[in-house]
Amino acid sequence: MTDVGTAYDEIAELYVEFVKDDLAANPFDRAMLDLFAESLRDNESGPVADVGCGPGRITDYLASLGLDAFGIDLSARMITLARRAYPGLRFDEGSMERLDLADGALAGLVAWYSIIHLPPDRIPDVSAEFARVLRPGGHALLAFQAIETTDAVEAFDHRVIRAYRWPPQRLAALLRADGFTEVCRMVRKPRPGERFEQAYLLVTKDR
Ligand SMILES: C[S@@+](CC[C@H](N)C(=O)[O-])C[C@H]1O[C@@H](n2cnc3c(N)ncnc32)[C@H](O)[C@@H]1O
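Quick notes on the rules
Residues numbered from 1 in each chain as written. Predicted model: local features only at pLDDT ≥ 70, side-chain atom pairs only at ≥ 80, totals over all residues. Helix = DSSP H or I, 4+ residues; strand = E, 2+ residues; numbered from the N terminus. Rg over C-alpha atoms; globule rule 2.2 N^0.38 Å. Buried ≥ 20, exposed ≤ 12 C-beta atoms within 10 Å, placed from the backbone. Contact = placed C-beta atoms within 7 Å. Pairing = 2+ DSSP bridges. Near = placed C-beta within 6 Å. Nonpolar A, V, L, I, M, F, W, Y, C, P; charged D, E, K, R; others polar. Core = buried A, V, L, I, M, F, W, Y, C linked by C-beta atoms within 7 Å. Axes fitted to C-alpha atoms, helices over the stretch in contact; angles between N-to-C directions. Right-handed = clockwise from strand over helix to strand, strands pointing away.

A. Representation of the overall build of the protein. Within the protein, the regular secondary structure consists of seven helices and nine strands. What you see for the protein is a C-alpha radius of gyration of 16 Å, in line with the 17 Å of a compact globule of 207 residues. The principal-axis extents of the C-alpha atoms in the protein amount to approximately 45 × 40 × 30 Å. The burial tally for the protein puts 39% of its 207 residues in the buried class. Look at the contacts in the protein between residues 6 or more apart in sequence, and 65% of them connect residues 24 or more apart.

B. Quick peek at the pairing of strand β9 (residues 197-205). Among the nine residues in β9, seven count as buried, and that is most of the element. Pairing of strand β5 (residues 134-146) with β9, which is carried by eight bridges, proceeds in the antiparallel orientation. Paired with Ala-143 across the strands is Tyr-200, a residue of β9.

C. Structural view of the site of the ligand. Close to the ligand lie 23 residues, the nearest being Gly-52, Gly-54, Leu-74, Trp-112 and Ser-114. Sorting the residues of the shell around the ligand by element identifies α1 (2-19) and α4 (57-64) as the ones contributing at least two each. Among the elements that make up the shell around the ligand, the one with the highest residue count is α1 (four residues). Within the shell around the ligand, the residues separate by chemical class into 13 nonpolar, seven polar and three charged.

D. Highlighting the nonpolar core. Of all hydrophobic cores here, the largest spans 57 residues; its most connected members are Val-48, Leu-62, Leu-109 and Val-110. Excluding residues that lie within four positions of it along the chain, Leu-62 makes contacts with Leu-33, Ala-37, Val-48, Asp-50, Leu-67, Ala-69 and Val-110.

E. Fine view of the environment of Tyr-8. Tracing the backbone through its elements, the reader meets Tyr-8 in helix α1. Separated by 76 residues in sequence, Tyr-8 and Arg-84 have C-alpha atoms that sit 17 Å apart. Those residues within four positions of Tyr-8 in sequence are excluded, and the remaining contacts are Ser-75, Arg-77, Met-78 and Val-160.

F. Just the sheet that holds β5, in detail. Pairing is mixed in the open sheet, where seven strands are placed in the order β3-β2-β1-β4-β5-β9-β8. Only two strands of the sheet have a single partner each, and these edge strands are β3 (91-93) and β8 (180-188). Taken pair by pair, the neighbouring strands of this sheet meet at an average axis angle of 15 degrees, ignoring direction. The pairing of strand β1 (residues 47-51) with strand β2 (residues 68-73) spans five bridges and is parallel. Bridged to Asp-50 within β2 is Gly-71. Each of β1, β2 and β4 (106-112) touches α4; the most contacted strand, β2, lies at about 170 degrees to it.

G. Fine view of α4. Taken across its eight residues, α4 has six buried, putting it largely inside the fold. Every buried residue of α4 is listed here: Arg-57, Ile-58, Thr-59, Tyr-61, Leu-62 and Ala-63. At the C-terminal side of α4, Gly-66 shows a positive phi close to 95 degrees.

H. Representation of helix α6 (residues 123-133) in the model. Of the positions making up α6, those classed as buried are Ile-123, Val-126, Ser-127, Phe-130, Ala-131 and Val-133. The elements touched by buried residues of α6 are β4, β5, α7 (168-176), β8 and β9.

I. Quick look at the pairing of β1. Taken across its five residues, β1 has four buried, putting it largely inside the fold. Taken together, β1, α4 and β2 form a β-α-β motif whose crossover is right-handed.

J. View of the environment of Gly-46. Secondary-structure assignment places Gly-46 in the loop between α3 (27-43) and β1. With 15 C-beta atoms packed within 10 Å, Gly-46 lands in the partly exposed category. Along the sequence, Gly-46 and Leu-106 sit 60 residues apart, while their C-alpha atoms lie 6.4 Å from each other. Excluding anything up to four places from it in sequence, Gly-46 contacts Asp-68, Leu-106 and Ala-107.

Structure, rendered in structure tokens:
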């Protein structure tokens, strides 16, 4: 995964520019993040990790919704930019494959287009790691490029570095094996500038 961190280090400033107006212009993203925040507010309070936070825009949005959100990313440069843009929030360098968090430490976890770069055979361990750090009743929200025409994960030429798009039902099944129950999923058609369908999976860790 060093390659992924290095690749994002190299394009960090460009990435910030690329996504800077994205959330404001994307009601689907905001709707799912709002739903996640409301699910947490109704059921659990406690820390929420934005895993693969990049420049911190999603962490900031979660904090604006009243969540105790902090960010974690593999890319040191992304973490520097996130700290600079949002000095009131906490951002740590780290990998989602080995989170520096105690068992059950989190009320919530968001992985926003960040599992996409992991080779598919490493996702079961990531799912187990998410299950380890989330407390029972906690919620996780994943966003990713989807493929619905097949049950196979497919590699694609992401602009930064190789990535994979997942059949939503396959990722949901994998999470289920680690004690996550699906709350809802949304799959939407590509918007202008996107090539693929996009999926959002909201799951809760079984009590
Ligand atoms: C497409 S960007 C999304 C960034 C952010 N979530 C957003 O939506 O603006 C993917 C991010 O995931 C991070 N990432 C990829 N693999 C990771 C891993 N194994 N652990 C932590 N972060 C990772 C990358 O460094 C990058 O910042």
